[in-house]
Amino acid sequence: MSSAHSASSVITIEGLDKSYGGPKQGSLHYIIKDVDLVVKGGEFFVLLGPSGCGKSTLLNMIAGFVSKTAGQLRVGNVEVDKPGRDRAVVFQQADSSLFPWLTVLQNVEFGLKMKKTPKEERRRISDRFIRMVGLSGHENKFPRELSGGMKQRVQLARVLANDPAILLMDEPFGALDAMTRRTMQKELSQIWRETNKTVIFVTHDIQEAILLGERIAVMSAGPNSRITDIYDVPMDYPRDATAPEFQALQRRIQSHFEAALEGGAYP
Ligand SMILES: Nc1ncnc2c1ncn2[C@@H]1O[C@H](COP(=O)(O)OP(=O)(O)OP(=O)(O)O)[C@@H](O)[C@H]1O
């Protein structure tokens with residue numbers, strides 16, 4: 001089952017470039033070059049590409065953390081030039097985003113407190129998302145008392161409590177062991193279906209991309225990285241990685257990667 005998409009596109013990217021350096025430092029060095037992309041409201045969209053191709057750079061541009069060099073990047077009708085409450089990022093390392101001196105509950109409540117949400121409502125919202133990510137009973141623990149997977153759950157609950165329309169996820173399960181990773185993938189997929197958020201999920205793991213995404217954009221190796229292909233994944237959730245159609249798509253994307261790496265560049 002897929003979430004009901006709103007008709008409008010949420011994120012529209014046209015001719016987007018990002019370069020570092022400039023005439024003073026020598027020639028311009030483009031990380032990403034000429035990226036076009038439209039992401040629909042409520043969609044689970046995966047950005048897949050080899051290490052260092054510029055996935056995080058693109059995600060951080062959508063987040064408003066990294067400025068563009070040229071092109072257009074709109075969320076709704078608004079050109080992105082700074083972070084906004086409509087977008088929230090879940091990072092690979094929860095440690096850099098959680099406050100170590102606050103408990104699980106206090107971390108999840110933090111954004112709501114900043115917004116001056118009344119105490120009872122704050123508690124109700126936090127309880128809901130703590131339950132949703134499977135952390136009931138751990139509310140009073142500190143981050144140092146949690147496993148890596150639990151910390152990622154806190155990060156996710158905190159982001160969800162702030163109710164952004166768009167979740168930007170930068171290899172959020174990349175540092176977890178394989179079993180925890182599978183569990184988190186299943187849970188995220190279910191949460192996405194329950195909340196109908198727009199998700200942009202960065203990974204270099206093809207299986208993870210197919211387990212989660214409704215569409216998968218493949219980025220070329222950098223520099224001058226761009227989106228070379230977009231795959232539709234017309235399979236119901238939850239997905240079975242052993243199903244023949246799953247494995248056929250995995251092989252297709254895999255051979256795309258191998259051809260690209262052998263050839264030194266993507267087609
Ligand atoms: N501030 C910066 N100044 C110069 N180069 C940068 C800067 N930030 C990133 N880069 C370069 O941009 C390229 C893309 O980096 P990015 O982190 O976006 O890739 P990625 O695809 O997310 O990689 P990974 O999967 O390994 O996390 C890299 O070559 C990186 O060195």
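Basis of the calculations
Residues numbered from 1 in each chain as written. Predicted model: local features only at pLDDT ≥ 70, side-chain atom pairs only at ≥ 80, totals over all residues. Near = placed C-beta within 6 Å. Helix = DSSP H or I, 4+ residues; strand = E, 2+ residues; numbered from the N terminus. Nonpolar A, V, L, I, M, F, W, Y, C, P; charged D, E, K, R; others polar. Domains from an automatic or database assignment. Core = buried A, V, L, I, M, F, W, Y, C linked by C-beta atoms within 7 Å. Buried ≥ 20, exposed ≤ 12 C-beta atoms within 10 Å, placed from the backbone. Contact = placed C-beta atoms within 7 Å. Axes fitted to C-alpha atoms, helices over the stretch in contact; angles between N-to-C directions. Parallel < 35°, antiparallel > 145°, perpendicular 65-115°, else oblique. Left-handed = near helix turned anticlockwise from the far one by under 90°. pLDDT = per-residue confidence, 0-100. Pairing = 2+ DSSP bridges.

1. Considering the site of the ligand
Here comes step 1: Surveying the vicinity of the ligand reveals the residues Tyr20, Ile31, Gly49, Ser51, Gly52, Cys53, Gly54, Lys55, Ser56, Thr57, His204 and Gly222.
Here comes step 2: Here the shell around the ligand takes 3 residues from helix α1 (residues 55-63), the largest share from any one element.
Here comes step 3: In terms of residue class, the shell around the ligand is built from 3 nonpolar, 8 polar and 1 charged.

2. Considerations on the domain arrangement of the chain
Here comes step 1: If you check the domain split of the chain, you get domain 1 (1-86 + 166-172 + 197-266) and domain 2 (91-163).
Here comes step 2: Taking only C-alpha atoms into account, the centre of domain 1 sits 27 Å from that of domain 2.

3. Focus: the nonpolar core
Here comes step 1: Residues Ile62, Ala157, Leu168 and Ile200 are the most contacted members of the largest nonpolar core, which totals 67 residues.
Here comes step 2: In this structure, this core is formed jointly by two domains, domain 1 (1-86 + 166-172 + 197-266) and domain 2 (91-163), each of which donates at least three residues.
Here comes step 3: If we skip the residues at most four places from it in the chain, leucine 168 touches Leu59, Ile62, Ala63, Arg87, Ala88, Val89 and Ile200.

4. Comments concerning the environment of isoleucine 206
Here comes step 1: Positionally, isoleucine 206 belongs in helix α6 (residues 206-212).
Here comes step 2: Setting aside its immediate chain neighbours within four residues, isoleucine 206 contacts Leu48, Gln250, Ile253 and Gln254.

5. Considering the packing of helix α3 (residues 119-132) against helix α4 (residues 148-161)
Here comes step 1: Between α3 and α4, the least distance of the axes is 9 Å, while the angle of their chain directions is 140 degrees. Relative to α4, the element α3 is oriented oblique. Every pair of crossing elements has a handedness; the one defined by α3 and α4 is right-handed. Between α3, through Ile125, Ser126, Phe129, Ile130 and Met132, and α4, the contact on the second element is made entirely by Ala157, Leu160 and Ala161.
Here comes step 2: Class assignment for the residues of the contact of α3 with α4 results in 7 nonpolar, 1 polar and no charged.

6. With respect to α1
Here comes step 1: Most of α1 is tucked away: 7 of the 9 residues are buried.
Here comes step 2: Turning to α1, its buried residues number three or more, namely Lys55, Ser56, Leu58, Leu59, Met61, Ile62 and Ala63.
Here comes step 3: Positive backbone phi, approximately 90 degrees, marks glycine 64, located one or two places after α1.

7. Let's talk about the confidence of the model for the chain
Here comes step 1: This prediction gives the chain a mean pLDDT of 89; 91% of its residues lie at or above 70.
Here comes step 2: Low pLDDT, under 50, characterises residues 263-267; the predicted model gives this stretch 8 contacts beyond four residues in sequence or across chains.
Here comes step 3: What the predictor reports for the complex is a pTM of 0.89 with an ipTM of 0.95.

8. Overview of the sheet that holds strand β3 (residues 44-48)
Consider a sheet: its strands pair through backbone hydrogen bonds, and that pairing is either parallel or antiparallel.
Here comes step 1: Taken together, 6 strands build an open sheet; the order of strands is β6-β7-β8-β3-β9-β10 and the sheet is mixed. Here the strands that pair on one side only, and so sit at the sheet edges, are β6 (87-90) and β10 (227-232). The sheet shows a mean angle of 20 degrees between the axes of neighbouring strands, direction not considered.
Here comes step 2: Pairing of strand β9 (residues 215-219) with β10 involves 5 bridges; the strand directions are antiparallel. In the strand pairing of β10, valine 218 is matched with aspartate 229.

9. Concerning helix α2 (residues 104-114)
Here comes step 1: Burial in α2 covers these residues: Val104, Leu105, Asn107, Val108, Glu109, Gly111 and Leu112.
Here comes step 2: Next to the buried residues of α2 lie α3 and α4.
Here comes step 3: Lysine 116 sits one or two positions beyond α2 and adopts a positive phi of about 60 degrees.

10. Thoughts on unusual backbone geometry
Here comes step 1: For the bond running from tyrosine 237 to proline 238, omega is -10 degrees, close enough to zero to count as cis.
Here comes step 2: Mapped onto the secondary structure, proline 238 falls in the loop between β10 and α7 (244-263).
Here comes step 3: One non-glycine residue, glutamate 171, lies in the positive phi region at around 45 degrees.
Here comes step 4: Among the structural elements, glutamate 171 can be located in the loop between β7 (166-170) and α5 (178-195).
Here comes step 5: Located in the positive-phi region is asparagine 196, a residue other than glycine, with phi close to 60 degrees.

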